[in-house]
Amino acid sequence: MRRPGLTSAEASRGAADETCADRPAAMGSDSILLSRTPPAWVDTAVERWRELLLDHANCEKKAASTALALMFAYPEERALGTALSRLAREELRHFEQVQRMMAALEVPVTRQRPGRYAAALRAHFRTSDPGRKLDLLLAGALIEARSCERFRLLAPRLPAPLASFYQQLEQSEARHFQLYVDFACADAPHEWRRRLRELSEHEAQLATAPDPEFRFHSGPPPAPRAL
Ligand SMILES: [Fe+2]
Ligand SMILES: [Fe+2]
C-alpha cells in the first residue's frame, strides 16, 4: 500500500530500495549466469579468434541499437533515456575500437549470418507491458553478463593486443550489466528475481548447448562425429 503523501513513483522507488538491496552488485555479473561457458567454446574461440572478432564488431553495434530501441520504446523515462544514451555511445566506441583492431590484425570484413542466441532469447520475451520492459532490461543484463564472463575467459589466452583490449571491455560490460540490473530492479522490485531466473535458464541453455554456428554468444561447436 502506498504511504500517505507519496506519489506512486516515489512509493515504487521506496519499494525498490527495500527489495533491491540484495541485488547482485557485490556478487559480480557471474552471479546471474546459471551455467559457465564450456571450455570447448573457449578453446574454439582461441583458435578461431578472427571469426570471433568479426562477430564481436556486430555485437557492439547490436548493443548500441538495443539501447536506442529501449530509449524509443520508453521516451517518458528520463533517467533511463540518459543512461542508455551514454551506454549506446560507449558501445559505438567499442565498435570503432574493434574495427581498428581488425584492421591492425588484418582481419577482413565479411558478412556473417547472425547466430541463434539473441533471436532465441527474444522469443521468450513478453511482447507488451506490463512485462515487456522488464524482460528487455533483464535480457540486457544477461547478455552483458555473458559478454563479461567471456572477455575474462579469453583475455589470458589471446594474442597481446587483444588480451589487453578484452580486459578493458570486461570492465565496461560489468558496468553495463549493473546498469540494466538496477533499472530492472527499480522497474519491478517484486518480480525481477523470479523473472530473471526464468530468462537465465533459457540463456544458459543457449550459451552451453552445441551450436552449429560459432559466434561470440554461441554454444560450443558440436562434437565431431565418430567415423
Ligand atoms: Fe561493448
Ligand atoms: Fe555492453
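Our structure's up above, just so we're on the same page.
Residues numbered from 1 in each chain as written. Chains lettered and ligands numbered in written order. Predicted model: local features only at pLDDT ≥ 70, side-chain atom pairs only at ≥ 80, totals over all residues. Heavy atoms only, no water.

Novice: Lay out the side chain of arginine 150 with the relevant residues and their values.
Specialist: One can find arginine 150 in helix H6 (residues 132-154). Separated by 2.8 Å, the side chain of arginine 150 and the backbone oxygen of phenylalanine 216 make a polar contact. In this view, arginine 150 contacts Thr37, Pro38, Trp41, Ala207, Arg215, Phe216, His217 and Ser218; residues no more than four positions away in its chain are not counted. (Helix = DSSP H or I, 4+ residues; strand = E, 2+ residues; numbered from the N terminus. Polar contact = N/O pair within 3.5 Å; in protein donor to acceptor, adjacent residues only side chain to side chain. Contact = heavy atoms within 4.5 Å.)

Novice: Go over the side chain of aspartate 55 with me, naming the residues and quoting the values.
Specialist: Residue placement: aspartate 55 occurs in helix H3 (residues 49-73). Buried and without a salt bridge, aspartate 55 has arginine 215 as its closest oppositely charged side chain, separated by 4.2 Å. In contact with aspartate 55, other than residues within four places in its own chain, are Gln112, Arg215, Phe216 and His217. (Buried < 20%, exposed > 50% of the residue type's maximum accessible area, 1.4 Å probe, protein only. Lys, Arg positive; Asp, Glu negative; His and termini not counted. Salt bridge = Lys/Arg side-chain N within 4 Å of Asp/Glu carboxyl O.)

Novice: Go over the coordination of the iron ion (ligand 1), please, and point to the residues and values.
Specialist: The protein atoms donating to the iron ion (ligand 1) are Glu60 (OE), Glu91 (OE), His94 (ND1) and Glu173 (OE), with metal-donor distances spanning 2.1 to 2.5 Å. Geometry at the iron ion (ligand 1) is tetrahedral, judged from the 4 donor atoms that bind it and their angles of 85 to 134 degrees at the metal. Every donor residue of the iron ion (ligand 1) comes from the same chain, spaced as E-x30-E-x2-H-x78-E. The metal-metal distance between the iron ion (ligand 1) and the iron ion (ligand 2) is 3.5 Å, with glutamate 91 serving as a donor to both. With glutamate 60 in helix H3 and glutamate 91 in helix H4 (residues 78-104), this pair connects stretches of sequence that are 31 residues apart. The pair glutamate 60 / glutamate 91 is uniform in exposure class, with both members buried. (Donors = N, O, S within 2.8 Å, 3.2 Å for Na, K, Ca; no water. Tetrahedral: all angles 85-135°; square planar, octahedral: opposite > 155°, others 65-115°.)

Novice: Could you give an account of the coordination of the iron ion (ligand 2), with specific residues and numbers?
Specialist: A four-donor tetrahedral metal ideally has 109.5 degree angles, and a six-donor octahedral metal ideally has angles of 90 or 180 degrees. Binding of the iron ion (ligand 2) to the protein goes through Glu91 (OE), Glu144 (OE), Glu144 (OE), Glu173 (OE) and His176 (ND1), at separations of 2.0 to 2.5 Å. Under the relative-accessibility criterion, glutamate 91 is labelled buried at 1%.

Novice: Summarise the packing of H6 against helix H8 (residues 192-208); cite the residues concerned and give the values.
Specialist: In contact at an axis separation of 10 Å, H6 and H8 are set at 45 degrees when each is read in the N-to-C sense. It follows that H6 is oblique to H8 by the angle criterion. You can see that H6 and H8 cross each other, and the crossing is right-handed. Here Leu134, Asp135, Leu138, Leu142, Arg146 and Arg150 of H6 come into contact with H8, specifically with Trp192, Arg195, Leu196, Leu199, Ser200, Glu203, Ala204 and Ala207. Within the contact of H6 with H8, the residues separate by chemical class into 8 nonpolar, 1 polar and 5 charged. (Axes fitted to C-alpha atoms, helices over the stretch in contact; angles between N-to-C directions. Parallel < 35°, antiparallel > 145°, perpendicular 65-115°, else oblique. Left-handed = near helix turned anticlockwise from the far one by under 90°. Nonpolar A, V, L, I, M, F, W, Y, C, P; charged D, E, K, R; others polar.)

Novice: Provide a residue-level description of the nonpolar core, including the pertinent values.
Specialist: In this structure, Ile32, Leu84, Leu138, Tyr180 and Trp192 are the most contacted members of the largest nonpolar core, which totals 33 residues. Those elements that place two or more of their residues in this core are H3, H4, helix H5 (117-122), H6, helix H7 (160-187) and H8. Non-local contacts of tyrosine 180, meaning those with residues more than four positions away in its chain, are made with Ala67, Leu70, Leu84, Leu87, Leu137, Gly140, Ala141 and Glu144. Core analysis: the second largest hydrophobic core is formed by 24 residues, Met102, Val107, Leu154 and Tyr166 among them. (Core = buried A, V, L, I, M, F, W, Y, C linked by side-chain atoms within 4.5 Å.)

Novice: Can you lay out the pattern of salt bridges for me, pointing to particular residues and giving the numbers?
Specialist: According to the stated counting rule, one finds 19 salt bridges in the structure shown. Two residues, aspartate 211 and arginine 116, come together in a salt bridge whose shortest N-O distance is 2.9 Å. Of the two residues, aspartate 211 is situated in the segment after H8 and arginine 116 in the loop between H4 and H5; the sequence distance between them amounts to 95 residues. Residue classification places aspartate 211 among the buried residues on the basis of a relative accessible area of 3%. Between glutamate 198 and arginine 195 there is a salt bridge, and its shortest N-O distance comes to 2.6 Å. Pair noted here: glutamate 198 and arginine 195 are both in helix H8, with a separation of 3 residues, about one helical turn. By relative accessible area, which is 30% here, glutamate 198 ends up partly exposed. By sharing partners, the salt bridges in this structure join Arg126, Asp135, Glu191, Arg194, Arg195 and Glu198 into a single network.

Novice: Give a description of unusual backbone geometry that names residues and reports values.
Specialist: Of note, the amide linkage connecting aspartate 129 to proline 130 takes the cis form, showing an omega dihedral of 0 degrees. Tracing the backbone shows proline 130 in the loop between H5 and H6. Of note, the phi angle at glutamate 106 is positive, near 55 degrees, even though the residue is not glycine. Within the secondary structure layout, glutamate 106 lies in the loop between H4 and H5. Classification of glutamate 106 by relative accessible area gives exposed; the value is 68%.

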